[in-house]
Amino acid sequence: MGRLIVRRLASAVGVLVLSSMVIFLVISVSGDPLAELRDRQPPVPDSVIEAEEHRLGLDQPLVQRYITWITGLFQGDFGPSTTATRDIGAELTSRLGVTLRLVVVAIVLALVLAMLAGTVSALRQRRWPDVVLTPAAFVLLALPSFWLAVLLKQWGIGFNNLFGYQVFATVGASSVPPPDGVIAAVLDAMAHLMLPTIVLALVHFATWSRYQRTAVVESLASDHVRFAVLKGLSRRRIVRSYVVRPALIPIITIVALDLPVLFSGAIITETVFQWRGMGGFLLESITLRDTNAVLAWLLVAATAVVLFNLIADLLYAVADPRVRYGD
Amino acid sequence: MATNDLGPGMVSAPTAPGPPRTRRAAYVLRRFRRHRLGVAGLTVLLLLVLVAVVAPRFWPYDYGEITPDLSQPPSPAHPMGTDTLGRDLLAQILRGLQQSLLIAFSVTVVACFIGVVLGVVAGYFGRYVDATVMRLVDLTLTLPTIAIAAFLGSVVSAGGVSWSALALVLGALMWTSVSRLVRGVVLSLRELPYIDAARVMGAGHLRIMFRHLVPNVADHIIVAATLMFGTAILAESGLSFLGFGVQPPDTSLGLLVADAQSAVLTRPWLFYFPGLLIILIVLSVNYAGEGLRDAFNPKSSPVNPLTTPSRAVRRARAAATASAARTRPAGSSGPQRPDTLVDIAGLTVDFAGQPAVHDLDLSIRRGEVVALVGESGSGKSMTALSLVGLVPPAALCTGSIRFDGDEMTDLSFERWRRYRGRRIAMILQDPSTSLNPALTIGAQFADSMRLAGLSGRSATDRAVELLDSVAIKDPRSVLTHYPHQLSGGMRQRMAIALAMIHDPDLIIADEPTTALDVTVQAQVMATLAIARERTGAAMLFITHDLALVAGIADRVAVMRAGVVVEEADVFSMFDAPQHEYTRKLLALAPHLGSDGRRP
């Protein structure tokens, strides 16, 4: 087990280093952060542009820039922003918390519901809940998350207007200023979290419940379930230890693989609900052509993906003894 | 995003080029036509394409044309209403439909091209090429598509993104699922003889890859491409919604939704029409993909051993049994002997008109070992499964099965539990799959022990005792092992020990040694004999190998094509076989001819 962790960790670091290179290369080659400055009318004096190039390190060769950037990262410095007053690192940390809250709650919610629905659907194929859940999942898979987000937001507003009471908070991650008291603050955060989480969770609930259904259907047809039935075990015992447990392995992979999609979804959801999270940070940075900020964002996303994959690998080992004891 | 990489587990048999391929295409088409939702999805999709191509030519308004009708709800002149500038929404939606379909199609082509090339190359060359490509996949997967696409989209051109640039960017980010899929299939095909044959005949790498490998992955590619088309539609519209895709004055479905964000409650038509259209497109794409998948990879009908036969099934069975009983000569099963344990009368297992077992009579007395012998497909396993109520739901099972005087057909799951394990134990063919891979041997014993009312120390002691009796060394440590840590022979002895827990009246052993090495066979057979003697149970021993029968059986029934052709005690069977087929089988068992009757 210990060796497995070390090996996975090494490979995760490898992917991360490679991915930092690719990200750096793609972003630096394709974007000129000073394009807007150069195009400005009346023209900005060359000396100003040169000074700006020097400040951003653009006058250095690419390899040198990468090394400067990566060594800076280890000291918690994400590099200079095109907007001189912007502190990329500080802004990122505060926004990361906001987004993590949304993403983690959505993952947990979607995963729990998907596993329940997928399992029930598979156990009762083509009968009562399955005949509803399966088409519902298909419709949810076809729903564009931005459309769903706008729809829920506007319905939330309509609902609030109808009852003359703010049930759903539709703007931001918390009220401004936040209410006093811990309980009030938590309630406020939950009211803000509700609709965005539903949007993000529903889309992934659909995908994951389909995968879980397939996994359980396959598990049901397996020999060891038949053998368990032949041993005369109770239905509950068979479902828990013989059907669902071996079917956990595929769903772990799927969730880990789907994480980048989840981040993409979070960008859209945050935009619609006007959260000051990572999504907004990215979009603002792109508009400002702030390459270092975009780089920082991508690196955080890549780290999160690699980290979750690592966790998935370890969960794998917990769920499947064949992995744990390195076959 | 869509369920498109369920993976290389579903590898279809490779098909040779030429006429069989067209026959297969016809077969796939026939299967697809039976998938109603798939056909509906494809029809809607084709209709939408047709509309996108033809309709704008005949529609009087252009998508950018400003009419004097501002913010009109749907009316005969503007079936979908107009926006705040007075533009006709239907014209805009038609333009959006064109854009979405065109971009999604290009994305799919680009992504599939990259994915197929890299996947085939990785799978075919393997080793470091494969490792490199797979790292590339890992890398691409760490990048959220929308983020990269938005950044690249913003820099590709200042005055809005051309659809081709958008398609290239999205395609370059979405190829991973296809390449994984193709690689998986190619890896499994690479070692097949027909690839070696092509190589020996001097075919180059390129030729082998694209003439011999790619066509055999085509099924998977078509399904993956279809589902990717839907994902691409969502990605493009999402990007346009954020303002990094299609730019005004041109329009797209995502852009239309973005513009209508604040109009949901006041001018709902602006919001609902483009949104519902996206849903319609993606939904029909996904159903078409699902239909194609099922057509290419026919799913076997679902198996669920946890259910009780439904009332409809029970009624059908009862009716069929009654009508069969009328045609059977009265009293053919005869009076039951008092020591009869199992009495099967007129058992027929019917798969949509093709009987696997036909009108079978068989009885087993207490403590008697009956061998059921026959080639694969003769219906012997189906007979065993009907004895434990696990005939696949696709089959209609008629006739009567009595166990210790009780009628066993149509029992509920809970009723069956009184027999399964407790009175009827069964040992399956392949010990590598019949034990739960996720539980230790000890836990699997404990599950059964609990039913026998044993737990804790006494359960462990009993398990150790049972493992001792099946000649397992160091049973206490074996209990802490997982099945994959044991050899095949040991696993099968575990299964036998598990079967002995409740001292059953009947042990069914379905080809218990077939999946094992010959050297281990004797051991397992000896264990089986011990288990039978200790429990005093009757046994139904199913095999295709007459050589194993002589040592263990009292009586032999030879089965062929669903019918028992000969039934006799073991000595007369070997000494004087009556039926032609039995003689043939005996001739095939080499070391039985010791008395010189070998042909």
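Residues numbered from 1 in each chain as written. Chains lettered and ligands numbered in written order. Predicted model: local features only at pLDDT ≥ 70, side-chain atom pairs only at ≥ 80, totals over all residues.

Peer 1: Break down the overall build of chain A for me, with residues and values.
Peer 2: A count of helices and strands for chain A gives 13 helices and 0 strands. Mapped in sequence order, the helices and strands of chain A form the string α-α-α-α-α-α-α-α-α-α-α-α-α. Taking the principal axes of the C-alpha coordinates as reference, chain A spans close to 85 × 60 × 40 Å. Counting only residues that meet the buried cut, chain A has 41% of its 327 residues in that class. For chain A, contacts bridging at least 24 residues in sequence account for 72% of all contacts bridging at least 6. (Helix = DSSP H or I, 4+ residues; strand = E, 2+ residues; numbered from the N terminus. Buried ≥ 20, exposed ≤ 12 C-beta atoms within 10 Å, placed from the backbone. Contact = placed C-beta atoms within 7 Å.)

Peer 1: Account for the overall build of chain B, naming residues and giving values.
Peer 2: A count of helical and extended segments in chain B gives 23 helices and 10 strands. Whereas a compact globule of 599 residues would reach a radius of gyration of roughly 25 Å, chain B reaches 33 Å, over 25% beyond that. C-alpha extents for chain B along the principal axes are approximately 100 × 60 × 60 Å. Counting over 599 residues, chain B shows a buried share of 45%. In chain B, the share of contacts with a sequence separation of at least 24, taken over all contacts with a separation of at least 6, comes to 71%. (Rg over C-alpha atoms; globule rule 2.2 N^0.38 Å.)

Peer 1: Just give me the short version of the sheet that holds strand 9 (residues 555-560) of chain B, but keep the residues and values in it.
Peer 2: Residues and elements named next belong to chain B. The sheet built from 6 strands is open, its strands ordered 6-7-8-3-9-10 with mixed pairing. Taken across any chain shown, the strands that pair with only one partner, and hence form the sheet edges, are strand 6 (424-427) and strand 10 (563-569). The average angle at which neighbouring strand axes cross in this sheet is 15°, direction not considered. As defined by bridge partners, strand 7 (residues 506-510) adjoins strand 8 (residues 538-543) across 5 bridges and the pair is classed as parallel. Bridge pairing links I508 to L540 in strand 8. (Pairing = 2+ DSSP bridges. Axes fitted to C-alpha atoms, helices over the stretch in contact; angles between N-to-C directions.)

Peer 1: Any chance you could break down the nonpolar core for me, citing the residues and the numbers?
Peer 2: Ranked by internal contacts, the top residues of the largest apolar core, which has 249 residues, are W297(A) and A147(B). Of the residues forming this core, the biggest block, 19 residues, is contributed by helix 3 (residues 89-125) of chain B. Ignoring any residue separated from it by four or fewer positions in sequence, one finds W297(A) in contact with M278(A), F281(A), L282(A), S285(A) and A147(B). (Core = buried A, V, L, I, M, F, W, Y, C linked by C-beta atoms within 7 Å.)

Peer 1: So, the domain arrangement of chain A: which residues are in play, and what are the values?
Peer 2: All names here are of chain A. In terms of domains, chain A is made up of domain 1 (1-77 + 288-327) and domain 2 (90-284). Taking the mean C-alpha position of each, domain 1 and domain 2 sit 28 Å from one another. In this assembly, 15 residues from domain 1 lie in contact with 15 residues from domain 2. Residue classes in the side of domain 1 that touches domain 2 are distributed as 13 nonpolar, 1 polar and 1 charged. (Domains from an automatic or database assignment. Nonpolar A, V, L, I, M, F, W, Y, C, P; charged D, E, K, R; others polar.)

Peer 1: Can you break down the interface of chain B and chain A residue by residue, with the values?
Peer 2: Taken together, the contacts link 64 residues of chain B with 71 residues of chain A. Only helix 4 (127-141), helix 5 (145-156), helix 9 (205-242), helix 11 (268-296), helix 15 (431-434) and helix 16 (441-451) of chain B provide two or more residues apiece to the side of chain B that touches chain A. Ranked by the residues each element gives to the side of chain B that touches chain A, the list is headed by helix 5 of chain B, at 8 residues. Here the residues of the side of chain B that touches chain A are counted per class, giving 40 nonpolar, 17 polar and 7 charged.

Peer 1: Any chance you could break down the packing of helix 10 (residues 235-272) of chain A against helix 12 (residues 291-319) of chain A for me, citing the residues and the numbers?
Peer 2: All names here are of chain A. Where helix 10 meets helix 12, the closest approach of the two axes is 9 Å, and the angle between their N-to-C directions is 175°. The pairing of helix 10 with helix 12 is recorded here as roughly antiparallel in orientation. Residues L248, I249, I252, T253, V255, A256, L259, P260 and F263 of helix 10 pack against A301, A304, V305, F308, N309, A312, L315, Y316 and A319 of helix 12. Class assignment of the residues belonging to the contact of helix 10 with helix 12 gives a composition of 16 nonpolar, 2 polar and no charged. (Parallel < 35°, antiparallel > 145°, perpendicular 65-115°, else oblique.)

Peer 1: How would you explain the environment of G96(B) if you had to name every residue and give the values?
Peer 2: All names here are of chain B. Mapped onto the elements, G96 comes out in helix 3. Distance from G96 to V54, taken between C-alpha atoms, is 14 Å for residues 42 residues apart in sequence. G96 has contacts with T251, S252, L253, L256 and P274, leaving out every residue within four places of it along the chain.

Peer 1: Go over the sheet that holds strand 4 (residues 395-403) of chain B, please, and point to the residues and values.
Peer 2: Residue and element names in this part refer to chain B. The 4 strands are arranged 2-1-4-5 in an open sheet whose pairing can be described as antiparallel. Strands at the two margins of the open sheet, each flanked by one partner only, are strand 2 (354-365) and strand 5 (406-407). Pairing between strand 1 (residues 340-351) and strand 2: 8 bridges, direction antiparallel. When the sheet's bridge partners are listed, D350 is paired in strand 2 with P355. Sitting on the sheet, helix 13 (residues 380-387) touches strand 1, strand 2 and strand 4, and the angle it makes with strand 1 is about 120°.

Peer 1: Which residues make up helix 4 of chain B, and what are the values?
Peer 2: Compared with an ideal rise of 1.5 Å per residue, which puts 15 residues at 21 Å, helix 4 of chain B spans 21 Å between its outermost C-alpha atoms and is within 8% of the ideal. When helix 4 of chain B is considered as a whole, its buried residues turn out to be V133(B), T140(B) and L141(B). For helix 4 of chain B, the angular spread of the buried residues around the axis is 100°, confining them to a single face. When the buried face of helix 4 of chain B is taken as reference, the exposed residues oriented beyond 90 degrees from it are R127(B), Y128(B) and A131(B). Buried positions along helix 4 of chain B lie against helix 10 of chain A together with helix 3, helix 6 (163-174) and helix 7 (176-190) of chain B. (Expected span 1.5 Å × (residues − 1). Arc of directions from axis to C-beta.)

Peer 1: Please provide a residue-by-residue account of the domain arrangement of chain B, values included.
Peer 2: Assigned domains of chain B: these are domain 1 (35-296) and domain 2 (339-588). Taking only C-alpha atoms into account, the centre of domain 1 of chain B sits 53 Å from that of domain 2 of chain B.

Peer 1: Pulling in residues and values, what's your account of the pairing of strand 6 of chain B?
Peer 2: Residues and elements named next belong to chain B. Neither face of strand 6 is left uncovered, since the one carrying I424 and M426 and the one carrying A425 and I427 both have all their residues buried. One ladder, built from 4 bridges, connects strand 6 with strand 7; its direction is parallel. Paired with I424 across the strands is L506, a residue of strand 7.

Peer 1: I'd like a rundown of helix 11 (residues 278-287) of chain A, residues and numbers included.
Peer 2: Residue and element names in this part refer to chain A. For helix 11, the tally of buried residues reaches 7 of 10 residues, placing the bulk of the element in the interior. When we look at burial in helix 11, the residues that qualify are M278, G279, F281, L282, L283, S285 and I286. Immediately downstream of helix 11, the backbone of R289 shows phi near 55°, a positive value.

Peer 1: Go over the confidence of the model for chain B with me, naming the residues and quoting the values.
Peer 2: Residues and elements named next belong to chain B. Counting all residues, the mean pLDDT for chain B is 84, and 91% of those residues have values of 70 or more. Per-residue pLDDT stays below 50 along residues 1-18; that stretch engages in 40 contacts with residues further than four places along the chain or on separate chains. Low pLDDT, under 50, characterises residues 592-599; the stretch is placed with 7 contacts to residues that sit more than four places away or in other chains. Quick note on the complex model: pTM equals 0.85, ipTM equals 0.87. (pLDDT = per-residue confidence, 0-100.)

Peer 1: Can you break down the packing of helix 5 (residues 88-123) of chain A against helix 11 of chain A residue by residue, with the values?
Peer 2: All names here are of chain A. Helix 11 packs onto helix 5 with a crossing angle of 135° between their chain directions and a minimal axis gap of 8 Å. Classified by the angle their axes make, helix 5 and helix 11 are oblique. Only M278, G279 and F281 of helix 11 make contact with helix 5, whose side of the interface consists of E91, L92, R95, L96 and T99. A breakdown of the residues in the contact of helix 5 with helix 11 according to their chemical character gives 4 nonpolar, 2 polar and 2 charged.

Peer 1: Quick rundown of unusual backbone geometry? Include the residues and the values.
Peer 2: Leaving glycine out, the prevailing phi sign among residues is negative, and the prevailing peptide bond configuration is trans. At Q274(A), a position not held by glycine, the phi torsion is positive, near 55°. By secondary structure assignment, the location of Q274(A) is in the loop between helix 10 and helix 11. Residue Q274(A) is classed as partly exposed on the basis of its C-beta count, with 13 C-beta atoms lying within 10 Å. Phi is positive for D474(B), close to 55°, though the residue is something other than glycine. Summarising the element assignment, D474(B) is placed in the loop between helix 17 (456-469) and helix 18 (475-478). What makes D474(B) exposed here is the crowd of 9 C-beta atoms within 10 Å.

Peer 1: Tell me what's going on with the pairing of strand 4 of chain B, and back it up with residues and numbers.
Peer 2: Consecutive side chains of a regular strand alternate in pointing toward one face of the sheet and then the other. Residues and elements named next belong to chain B. Sheet analysis places strand 1 next to strand 4, joined by 8 bridges and oriented antiparallel. Bridging across to strand 4, D343 finds its partner in R402. Sheet topology places strand 4 next to strand 5; 2 bridges connect them, and they run antiparallel. By the bridge assignment for strand 5, F403 is matched with D406.

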